[in-house]
Amino acid sequence: MKRFTLISAMILVAVATAILIIPSPTPHGGEARVFIEQKPAPSLNILWAEWKPADYLQKLTREFSKETGIEVNITQRSWSDWQQHFANEMGHKSQRYDMVIGDSQWLGYGAEQGHYVNLTHWMKRHSVEEQFISTALKGYSEYPKGSKRYWAIPVEGDAMGFAYRKDLFNDPAEKAAFSARYGYELDVPKTWFQLRDIAEFFYRPAEDLWGLMAWQEPYYDGLTMAMQTLLWGWGAGLGDQESYQVKGILNSVEAAEALLFYKQLVQLSNPDWRNYYLDTEASSNKPMIEGKVAMTMVYFAITPELLDPAKNPYANEMGFFSTPAGPAARATSLGGQGISLISYSKKKEYSLQFLEWFISKKTQEKWSELGGLSCHIEVLKSARFLDASPMHQAFSESFEFVEDFWAVPEYAELLKQSQQHWSFYLNHDSISAKDTLDNLAQEWEQTFEQSGYYRE
């Protein structure tokens, strides 16, 4: 009986919150009751990965809610199932989320499958191209590349770069020894060859000090993000973004030289770090925090951990530099994400209102102050931003030469193939760099052919 009473009471409370009862006089002097159903408060649900920038955004949205009365909830999913969860939701044309902050590689999938709303005209009306840096729009928003068709707004800018130990680089004894050995001064490397020299110089396994934490992770995208940077730097590439030709570009002589160079480079890293990348238990930040490495590959968005004295005893010795130049060019890998409107949402009006608020300079400045990495031109280039963190200068510079992986719907399959081929090459001596690239080029073109990219 008590249980029945409790449940009944809960139902009555729920109904009372949804229905407003207003007394109204009748012609005979009595009182009638008019039942008016109250509309729920407007709200938006945004899906993102589980990391600090999502926390920053949730805090930032409180300002939007105060101004508009529209509540915003950021749902965070772990990196391990974030992508699959979104794909499952879209497969059912779910209305659970109104917007998603997704990887740049999702653009083709979202656009071609009808999951994303085309924002091209909206962005033109709001002059987004004039406000946000062009490489960010190309990476986070545009599909197909070069089409000027946009499906997202840049949210969290990010790029591959490097962190280093300033105390090691500035030590007089180390500087003298380096100069005597290599014939030039120990300093932030301007080329990949200088970076290799520095990594070789600090390679001291007997002291448990290593020259470089180089990404080799084979399961997600770590190895590919590192390797493609060298391909571009050597004058090669992944393939033609318009014709989808791969052979002759991915497997060129220059590409083979780049792959061989990277194999030599990773040998200056601790072999126990092979699977270190983004997650917290095996983060590529860990060797730096433990004082075991002179330089490490980073994404700038995950460097706050390195600058936190509570987490890193070398926080005050952290320096950062953008990816150095190769023999032919300077390029680095795009990280970060953009925000897209989900086509199945019934709250597109609220979503567009949120985007209009988010792209404003005022909001972008607040986003940056909280810890977000803005791609707004005026914010990105401002002295206030550049001086706010030791890594901001390198981050800002990186967007002058950032490049991206394939953003086609088949990107996951292409990524899996590159990870497998390059990982096998790094860990075995039974195949050459050229044969590895020949095999990968063949697989990539088969994938494009099977998906109907080539016309007779």
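We now turn to the structure provided with this report. (Residues numbered from 1 in each chain as written. Predicted model: local features only at pLDDT ≥ 70, side-chain atom pairs only at ≥ 80, totals over all residues. Heavy atoms only, no water.)

The next thing to look at is the side chain of Ser-65. Residue position: Ser-65 is located in helix α2 (residues 52–68). Assessed through its relative accessible area of 12%, Ser-65 is described here as buried. Ignoring anything within four residues of it in the chain, the contact list for Ser-65 reads Ile-70, Glu-71 and Val-72. (Helix = DSSP H or I, 4+ residues; strand = E, 2+ residues; numbered from the N terminus. Buried < 20%, exposed > 50% of the residue type's maximum accessible area, 1.4 Å probe, protein only. Contact = heavy atoms within 4.5 Å.)

Core analysis: the biggest nonpolar cluster contains 141 residues, and Trp-48, Tyr-262 and Phe-354 have the highest contact counts within it. The element best represented in this core is helix α12 (residues 253–266), accounting for 8 residues. Apart from residues lying up to four places away in sequence, Phe-354 is in contact with Leu-44, Ile-46, Thr-61, Phe-64, Val-72, Met-99 and Ile-339. (Core = buried A, V, L, I, M, F, W, Y, C linked by side-chain atoms within 4.5 Å.)

Quick look at helix α9 (residues 172–182) now. Within α9 the residues assigned to the buried category are Glu-174, Phe-178 and Tyr-182. Along the axis of α9, the buried positions cluster into a sector of 40°, meaning they face one direction only. Residues of α9 that are exposed and angled more than 90 degrees away from the buried face: Pro-172, Ala-173 and Ala-180. The inward-facing, buried residues of α9 contact α8 (166–169) and α10 (192–201). For α9, the side-chain oxygen to backbone nitrogen distance between the N-cap and Ala-173 is 3.0 Å, and the N-cap itself is Asp-171. Looking at the residues trailing α9, positive phi occurs at Gly-183, about 85°. (Arc of directions from axis to C-beta. Polar contact = N/O pair within 3.5 Å; in protein donor to acceptor, adjacent residues only side chain to side chain.)

Burial analysis of strand β5 (residues 99–103) places 5 of its 5 residues in the buried class, which makes it a mostly covered element. In this structure, strand β3 (residues 43–49) lies alongside β5, joined through 2 bridges in parallel fashion. Bridging from a neighbouring strand, Ile-46 pairs with Met-99 of β5. Note that β5 and strand β10 (residues 332–341) share 5 bridges and pair antiparallel. Each residue of the ladder has a partner; that of Met-99, found in β10, is Leu-341. (Pairing = 2+ DSSP bridges.)

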